[in-house]
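# Coordinate analysis (summary)
For reference, the chains in residue letters:
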Amino acid sequence: MLDDILDYIEGIRERPVWQPIPDSVRARFHEAVPTDPTELAAVHDDFMRHILPFATGNSHPRFMGWVHGGGNVAGMLAEMLAAGLNANLGGRDHVPIEVERQIVHWTRLLFDFPSTATGLFVTGSSMANLLGALIARTRALGIDVRQNGLASTSKRLVAYTSAAAHRCISQAMDLSGLGIKSLRVIATNDAYQIDIDALNEAIASDRKAGFTPFLMIGTAGTVDTGALDDLAALASIAKRENLWLHVDGAIGALAIMAPDLAPRLAGIQQADSIALDFHKWGQVPYDAGFLLVRDGTLHRDTFASPAAYLRRETRGLAAGGHWPCDFGPDLSRGFRALKTWFTLKVYGTAALGAMISRTCELARYLEIKIATTKELELLAPVSLNIVCFRHRGENPDRLNAQIVADMHESGIAAPSTTVLGNRLAIRVALFNHRTEPRDIDALINAVLKLGAAATRKCVA
Ligand SMILES: Cc1ncc(COP(=O)(O)O)c(C=O)c1O
């Protein structure tokens, strides 16, 4: 099994990025519950023939869609070790939890947070953003809100983020009981960053109308275009207005490891909480989301739920004071920290930072290619590693959607699409450490070829 999966990774470039799933393969996954045993080798054979070839393909250097990291072999092997240990990181006194605490400590250092800051592995930034909103809610309403619920308060809490924020931010307002309408969606400027003047006006007008502003969510790397909000400006507004500043750094926070990019994150060090994903730019195999919180006491006060069967002792396996289950809703938790620890130790932050910078250079290379190809046009400024563009042909929304679908089915590359100012864009997000300039060339050639073919088909 190990040989096969290493061969898969070694030869990934020669495979199609993705391929359509034949009905016969899909049908295999509608089998009855297996009451009888099957040989391990036969199950593995099934995996090799019917699962592996039809995966998403995000380890492939020409996977360029959505926001998917490429994974890495050290992290993969660590995942195997973690599964063998079968550690449960909800709590208790064992070194796997020290490994997670080590990552919390390293993350504190990366973002210049105090030693009292806390952190927690979660599935992804959708969850980390939700937990950040819940902690901000505790700060605004007091810990009693956990007993009495939102109905007990007369405060009308409102939060702020930009129109370019990820959909999980409004979902966090929904799930935290505050309601989607309590999120003020502030317009963006031409660079897709939150408009600071509009933000100031919205806060002032809410205060005048009797609302209680409590939370501001800045984005370090927006999902559509990779724009970085002006985090330093947000930090100073948060201070002036006494708001909780949460940074959704799912995409961009780890650029802190790249010396050329880190200055553009200035202000993130003043956030109250940061959501980030080691499984995106950090190349840790899925999933490895993370939340960092400046006020560790408030973090714990928001989630800790004592129970007799989780009693802490001063010695034995139940020792250890605060356990990870005190910092979030999960009690059973896997050993996500190990694959992150291996990745950080085996490669080091200097090499990871250089890889992050390289993906931004590739984005600039693509930007230049687009600028010098008359059939193509850029649809948004390139801030980090995301490029939005389109083919200029007839009926461009339909044409570009068709190009992307045809490209997926061809197996050549897998960008995704988004809509910017009512225009459908081909969206290329370069998160894979295996991607090279020749992959960008292949993408451009395919867009031109498929664009010409689709246009010919339309005319015929
Ligand atoms: C800016 C941003 N925030 C949050 C998320 C959600 O992260 P996850 O998919 O890890 O839950 C994403 C996902 O792409 C994102 O791009």
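Please refer to the structure higher up on the page.
Residues numbered from 1 in each chain as written. Predicted model: local features only at pLDDT ≥ 70, side-chain atom pairs only at ≥ 80, totals over all residues. Heavy atoms only, no water.

### What about the packing of aromatic side chains?
Note the following rule: Planes of paired rings set the category: under 30 degrees apart is stacked, over 60 is edge-to-face and the rest tilted, where pairs are Phe, Tyr or Trp rings (Trp by its six-membered ring) whose centres lie within 6.5 Å. Helix and strand assignments follow DSSP, with helices taken as H or I runs no shorter than four residues and strands as E runs no shorter than two, numbered in order from the N terminus. Here's how the labels work: a residue is buried when its accessible area is under 20% of the maximum for its type, exposed when over 50%, partly exposed in between, all with a 1.4 Å probe on protein chains only. Geometrically, a charge over a ring is one whose NZ (Lys) or CZ (Arg) sits within 6 Å of the ring centre while staying within 35 degrees of the ring normal.
The final tally for this structure, using the stated rule, is six aromatic pairs. Aromatic side chains Phe-121 and Phe-290 sit 5.1 Å apart centroid to centroid with 75 degrees between the ring planes, which places their arrangement in the edge-to-face category. Of this pair, Phe-121 sits in strand β1 (residues 118-122) while Phe-290 sits in strand β7 (residues 289-293), placing them 169 residues apart in sequence. Each member of the pair, Phe-121 as well as Phe-290, carries the same accessibility label: buried. Ring centres 5.8 Å apart and planes at 65 degrees place the aromatic pair Trp-341 and Phe-342 in the edge-to-face group. Taking relative accessible area as the criterion, Trp-341 reaches 23% and is therefore assigned partly exposed. Residue Phe-342 is classed as partly exposed on the basis of its relative accessible area, which comes to 23%. In this arrangement the basic side chain of Arg-92 is found over the ring face of Trp-323, its NZ or CZ atom lying 5.6 Å from the centre. The ring of Trp-323 carries the charged tip of Arg-312 above its face, separated from the ring centre by 3.9 Å.

### Some remarks on the site of the ligand
Definition in use: Proximity is defined per residue: if any heavy atom of the residue lies within 4 Å of a molecule or strand, that residue is considered near it. Here a polar contact means two N or O atoms within 3.5 Å. Within protein one must be a hydrogen donor candidate and the other an acceptor candidate, and residues neighboring in sequence count only if both atoms are side-chain atoms. Every accessible area reported is derived by Shrake-Rupley at a probe size of 1.4 Å, with residue values counting cover from the shown protein chains alone. Definitions used for this entry: grid spacing 1 Å over protein atoms alone; cavity, a set of points where a 1.4 Å probe fits but cannot get out; pocket, an open set with protein on both sides within 12 Å along at least 5 of 7 lines; lining residue, one with an atom within 4 Å of a point. Molecule-in-pocket calls rest on the fraction of atoms, with more than half required to lie within 2 Å of the cavity or pocket grid points. Amino acid classes used here: Ala, Val, Leu, Ile, Met, Phe, Trp, Tyr, Cys and Pro are nonpolar; Asp, Glu, Lys and Arg are charged; the rest, including Gly, are polar.
Contacts to the ligand come from 15 residues, most closely from Ser-125, Ser-126, Asp-248, Asp-277 and Lys-280. Asp-248 has a polar side-chain atom sitting 2.6 Å from a nitrogen atom of the ligand. When isolated, the ligand has an accessible area of 390 Å², and the protein chains bury 85% of it. Comparing atom positions with the cavity grids shows the ligand to sit within the second largest pocket. Among the elements that make up the shell around the ligand, the one with the highest residue count is helix α6 (residues 125-141) (three residues). Within the shell around the ligand, the residues separate by chemical class into five nonpolar, seven polar and three charged.

### Description of the nonpolar core
We apply this condition: The set of buried Ala, Val, Leu, Ile, Met, Phe, Trp, Tyr and Cys residues whose side-chain atoms join them within 4.5 Å is what this entry labels a nonpolar core. The contact criterion used is simple: two residues touch if any of their non-hydrogen atoms lie within 4.5 Å.
Core analysis: the biggest nonpolar cluster contains 68 residues, and Phe-111, Leu-199, Met-216, Ile-268, Ile-274, Phe-278 and Ile-356 have the highest contact counts within it. Excluding its chain neighbours within four sequence positions, the residues that come into contact with Phe-111 are Ala-253, Ile-256, Ile-268, Gln-269, Ile-274, Leu-276 and Leu-292. Of all hydrophobic cores here, the second largest spans 30 residues; its members include Leu-130, Ile-169, Leu-215 and Ile-217.

### Some points on the layout of surface pockets
Quick note on the threshold: Grid points are joined across faces, edges and corners, and a volume is the space filled by probe spheres set on the points.
When its volume is computed, the largest pocket comes out at roughly 830 Å³. Taken together, 30 residues make up the lining of the largest pocket; nearest its centre are Ile-5, Tyr-8, Ser-59, Met-76 and Pro-285. Mapped onto the lining of the largest pocket, the elements with two or more residues apiece are α1 (2-10), α3 (40-51) and α4 (73-85). Of the residues in the lining of the largest pocket, the class split is 16 nonpolar, 11 polar and three charged. Its boundaries defined by the atoms lining it, the second largest pocket holds a volume of some 350 Å³. Looking at the second largest pocket, it is lined by 24 residues, and the ones nearest its centre are Val-67, His-166, Val-223, Ile-251 and Lys-280.

Fair warning: the whole summary comes from geometry, so function is off the table for now.
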